[in-house]
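This is what each chain is made of:
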Amino acid sequence: SNKIPFCAEFWTYGYTALDHTFTTRNAAVYCPFEVRGTGTGTMYGFVGDATLTGWQTTGLGTGGTSIPAASWNHIAIVGDGTTIKLYLNGVQYGISSPHPSWPVGARTFYIGRDGDGFATGNSYIDEVCVSIGDPVYTANFTPPTLPFTT
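Residues numbered from 1 in each chain as written. Predicted model: local features only at pLDDT ≥ 70, side-chain atom pairs only at ≥ 80, totals over all residues. Heavy atoms only, no water.

The next thing to look at is a nonpolar patch on the surface. A surface patch of nonpolar side chains, about 500 Å² in accessible area, is lined by Ile4, Phe109, Ile111, Val128, Val130 and Ile132. Sorting elements by how many residues they give to the nonpolar patch places strand E11 (residues 124–132) first, with 3 residues. By the secondary structure assignment, Ile4 is in the segment before strand E1 (6–13). (Patch = residues over 30% accessible without salt bridge, like charges linked within 9 Å, V, L, I, M, F, W, Y side chains within 5 Å. Areas by Shrake-Rupley, 256 points an atom, 1.4 Å probe, with all protein chains shown as cover. Salt bridge = Lys/Arg side-chain N within 4 Å of Asp/Glu carboxyl O. Helix = DSSP H or I, 4+ residues; strand = E, 2+ residues; numbered from the N terminus.)

Let's shift gears to the nonpolar core. In terms of nonpolar packing, the biggest core is built from 16 residues, with Met43, Ile75, Ile77 and Leu86 touching the most fellow members. Grouped together as the second largest cluster of nonpolar side chains are 6 residues, Cys7, Ala76, Tyr87 and Tyr137 included. (Core = buried A, V, L, I, M, F, W, Y, C linked by side-chain atoms within 4.5 Å. Buried < 20%, exposed > 50% of the residue type's maximum accessible area, 1.4 Å probe, protein only.)

Here we come to the pairing of strand E6 (residues 72–79). Taking burial as the measure, the 8 residues of E6 include 7 buried ones, the bulk of the element. When E1 meets E6, the two strands line up antiparallel, connected through 8 bridges. For Phe10, the partnering residue across the bridge sits in E6 and is Ile75. Pairing between E6 and strand E7 (residues 83–88): 5 bridges, direction antiparallel. (Pairing = 2+ DSSP bridges.)

Structural data, given as structure tokens:
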């Protein structure tokens, strides 16, 4: 199975635009996951299907509350091999999704835009960390306050 645990996390400020903050998608190839703003002060995520030819889940995070626009916020998308969850400031944000078995292969990772160069957004992004093989968080947590060291 290619249900490899992972955690992709970052701090953001001013996250209200239609930001494609974390993605590996372009028009021709879908990705394991994508996190973006809705343009109305909330966010949602996408989870790629098992063949990466479409979206398995298009509403990860649906039902989440508004993101405070005038402050720094911690966002994490976490896959533990069973489910994928989105967190805002350490609290699970909306619904979760089953963790599909994705094909192994190289993907270009984009931060602040999608693979086609669209929706560059207007937010600040800091302290980006991607962990492969470790979900890092398995329940609600206190976001880190110090810079990442590795």
